[in-house]
Amino acid sequence: MKVLLTGASGFIGGQVASVLTASGHHVLGLDVRPSADRAGPPVTEADIRDAIAMAEHLAGVDVLVHQAARVGLGVDLDDMPGYADTNVTGTAVLLAAAARAGVRRLVLASSMVVYGEGGYACSAHGDVRPGPRTPEDLQAGRFEPRCPDCGAELTHRRVAEDAPPDPRNAYATTKLAQEHLAATWARETGGAAVALRYHNVYGPGMPRDTPYAGVAAIFRSALARGEAPRVFEDGRQRRDFVHVSDVARANMCAVDATAGLPPGTLRAYNVASGRPRTIGDLAVALATACGGPAPVVTGEFRLGDVRHIVATPDRATRELGFTAHTDLTEGVRSLT
Ligand code: UD1
C-alpha cells in the first residue's frame, strides 16, 4: 500500500513511519522540518498548507495518514492563530487535495482533548457534565469538579468515543475541527476515515524543554537537568499514558481498518492503555527510573487543564484489533 504520512519526522510520526515500513507499506513521509537523524524512510520537506505541493505528493496514494499538527496546550492566546492555521487550515488544504487526487482512505491523529473534562457521575444526579473549573476554586485547592446541579463531589468515569465533545482550549478546538473536516471529506468523497484519539503519549524521542510538550516530556527534561518533577494541583489528577510504540501500532491497525469501513464514514477510537494513573504516580515512576530527585507537589494549576481524563479502549480492541502492550513502569525505562 502506498501511504502518505504527514508529520513523519515528529515524535509520533517517526515511529508510525518505521512501523508502517516494517509491515510492508511504501511510506512517503512529509514534514515541515524533516530531521536527518531519525531512522526509517526518508522524509521530504513540505508544508501541509501548500496546496500545490500536497497535490504533487498525493498522486497515486492509497492511504493518507495525517499526523502533522501543532501540539501542546499553548502558552497564551497569541498561540491561537498558529494552532488554527496549521491544524485547521492545514488539514483543510490537505483534505481538499486528497479528494482531488482520488485518495479515499484516511487515518487522522486526533486527541482525547476533544472530550474536555472526562465522564463524571453524581450520587444524586447520575451522569453529569461539570463546567470549566474556576480560578477561585483552583486557587483554593478545590481541584475536583463538582456536580453542576448540587455541588456534590463526583466520581470520574472512563470516556467512550460517543461522549459529547467539549474542547476546552485552542488546541483541543482545532483537533475537534480536524475530525469534523475529516468527516465532511469522507461524506463528500465516499471515503473512509479513522480518527485516533491519542491519550497521553510518552516514549523515546519525546520533545524536550518546551512548554508545548506533554507532562511526561516536561518531567523527563527536569530530571535530565537534575531537578525534581513539579507536580501541579495535588498530583491526584488522572490520565492514561500510552507508549509511543503502541500508538504507532494503532496507526497500522487503523490503516488496515480503513479498507473495511462503510464508505462515507469517519469512526473515532480511543488509543489508550486502559490503565489510568495519577500524575503523581507518573512523576514517581519517572524519578525512580531516572534515579533523580523525588517529585514536588506544588499546588500550581493551569486554567486550560482538565482534572481527569481516562478512557475505555474497548472499541479499538473490538474493531481495530488493537490493544496496548506497554505498561507505564516498563515504558518509563525506555526513557532512561
Ligand atoms: C496532553 C497533551 C495534549 C495531547 C494529550 C493526549 C500537551 C500540553 N498536552 O494533554 O496535547 O493531545 O495529552 O496525548 O502536550 N502537569 C504537571 N506538571 C507540569 C506540567 C503538567 O503536573 O510541569 C500536569 C497538568 O496540570 C495536567 C497533567 O500534568 O494535570 C497533564 O498535563 P499535559 O500532559 O500537559 O496535558 P494533557 O491535558 O494531559
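The coordinates are above.
Residues numbered from 1 in each chain as written. Predicted model: local features only at pLDDT ≥ 70, side-chain atom pairs only at ≥ 80, totals over all residues. Heavy atoms only, no water.

## A short note on the sheet that holds strand β8 (residues 155–157)
Pairing is antiparallel in the open sheet, where three strands are placed in the order β7-β6-β8. At either margin of the open sheet sits one strand with a lone partner, and together these are β7 (126–128) and β8. Taken pair by pair, the neighbouring strands of this sheet meet at an average axis angle of 40°, ignoring direction. Where strand β6 (residues 119–122) and β7 come together, three bridges link them in antiparallel fashion. Looking at the pairing, Ala 121 lines up with Asp 127 of β7. (Pairing = 2+ DSSP bridges. Helix = DSSP H or I, 4+ residues; strand = E, 2+ residues; numbered from the N terminus. Axes fitted to C-alpha atoms, helices over the stretch in contact; angles between N-to-C directions.)

## Regarding the pattern of salt bridges
For the coordinates displayed, the defined rule picks out 22 salt bridges. Note that Asp 127 and Arg 157 form a salt bridge whose closest N and O atoms lie 2.8 Å from each other. Pair noted here: Asp 127 is in strand β7 and Arg 157 is in strand β8, with a separation of 30 residues, a long-range link. On the basis of relative accessible area, Asp 127 is assigned to the exposed category, the value being 58%. Residue Arg 157 is classed as partly exposed on the basis of its relative accessible area, which comes to 42%. Between Asp 234 and Arg 307 there is a salt bridge; the shortest N-O distance is 3.0 Å. Taken together, the positions of Asp 234 in the loop between β11 (230–231) and β12 (238–239) and Arg 307 in the loop between β16 (296–297) and α9 (314–320) put the pair 73 residues apart, joining distant regions of the chain. A relative accessible area of 0% places Arg 307 in the buried class. (Salt bridge = Lys/Arg side-chain N within 4 Å of Asp/Glu carboxyl O. Buried < 20%, exposed > 50% of the residue type's maximum accessible area, 1.4 Å probe, protein only.)

## Thoughts on helix α8 (residues 279–290)
With 12 residues, α8 should reach 16 Å at 1.5 Å per residue; the first-to-last C-alpha distance of 16 Å fits that figure. Within α8, burial applies to Ile 279, Gly 280, Leu 282, Ala 283, Ala 285, Leu 286 and Ala 287. Where α8 is buried, its residues meet α6 (215–224), β11, β12, β13 (241–243), β15 (277–278) and α10 (328–333). (Expected span 1.5 Å × (residues − 1). Contact = heavy atoms within 4.5 Å.)

## Quick word on the nonpolar core
Of all hydrophobic cores here, the largest spans 52 residues; its most connected members are Val 65 and Leu 196. For this core, the element with the highest residue contribution is helix α7 (residues 244–257), accounting for eight residues. Ala 53, Leu 58, Leu 64 and Ala 182 belong to the second-largest nonpolar core, a separate cluster that totals 23 residues. (Core = buried A, V, L, I, M, F, W, Y, C linked by side-chain atoms within 4.5 Å.)

## Details of the packing of helix α2 (residues 51–58) against helix α3 (residues 80–100)
Running from N to C, α2 and α3 point in directions that differ by 45°, and their axes come no closer than 9 Å. Classed by the angle they form, the pair α2 and α3 counts as oblique. Of the two elements, α2 crosses α3, and the hand of that crossing is right-handed. Residues Ala 51, Met 54, Ala 55 and Leu 58 of α2 touch α3, and the partners they reach there are Val 93, Leu 94, Ala 97 and Ala 98. Among the residues forming the contact of α2 with α3, the class breakdown is eight nonpolar, no polar and no charged. (Parallel < 35°, antiparallel > 145°, perpendicular 65-115°, else oblique. Left-handed = near helix turned anticlockwise from the far one by under 90°. Nonpolar A, V, L, I, M, F, W, Y, C, P; charged D, E, K, R; others polar.)

## Points about the packing of helix α1 (residues 11–22) against α7
For the pair α1 and α7, the least separation of the axes is 8 Å and the interaxial angle reads 55°. Between α1 and α7, the crossing angle belongs to the class labelled oblique. The two elements α1 and α7 cross, and the hand of that crossing is right-handed. Residues Phe 11, Ile 12, Gln 15, Val 16, Val 19 and Leu 20 of α1 form the contact with α7, whose own contacting residues are Val 244, Ser 245, Val 247, Ala 248, Arg 249, Asn 251, Met 252 and Val 255. Classifying every residue of the contact of α1 with α7 gives 10 nonpolar, three polar and one charged.

## As for the packing of aromatic side chains
Describing an aromatic ring pair means giving the distance of the ring centres and the angle of the ring planes. Under the criterion given, the structure shown has one aromatic pair. Over the face of the ring belonging to Tyr 83 we find Arg 70, whose NZ or CZ atom lies 5.8 Å from the ring centre. (Phe/Tyr/Trp six-rings, centres within 6.5 Å; stacked < 30°, edge-to-face > 60°. Lys NZ or Arg CZ within 6 Å of the ring centre and 35° of its normal.)

## Overview of the side chain of His 66
Looking at the secondary structure, you find His 66 in strand β4 (residues 63–66). Given the relative accessible area of 2%, His 66 is considered buried. Ignoring anything within four residues of it in the chain, the contact list for His 66 reads Thr 6, Ile 48, Thr 91, Leu 94, Leu 106, Val 107, Leu 108, Ala 109 and Gln 178.

## Overview of the sheet that holds strand β5 (residues 105–111)
Spatially, the seven strands line up as an open sheet ordered β3-β2-β1-β4-β5-β9-β14, and their pairing is parallel. Whereas interior strands pair on both sides, the edge strands pair on one side only; in this sheet they are β3 (43–45) and β14 (265–271). On average, each strand axis in the sheet is tilted by 20° relative to the strand beside it, whichever way the strands run. Its contacts with the sheet put helix α5 (residues 170–189) on β4, β5, β9 (192–198) and β14, and the angle it makes with β5 is roughly 160°. Sitting on the sheet, α7 is in contact with β4, β5, β9 and β14, with an inclination near 165° to β9.

## A look at the environment of Asn 169
Along the chain, the position of Asn 169 falls in the loop between β8 and α5. In the structure, Asn 169 is positioned 134 residues away from Leu 303 in sequence and 9.2 Å away in space, judged by C-alpha atoms. For Asn 169, the side chain forms a polar contact with the main-chain nitrogen of Ala 172, separated by 2.8 Å. (Polar contact = N/O pair within 3.5 Å; in protein donor to acceptor, adjacent residues only side chain to side chain.)

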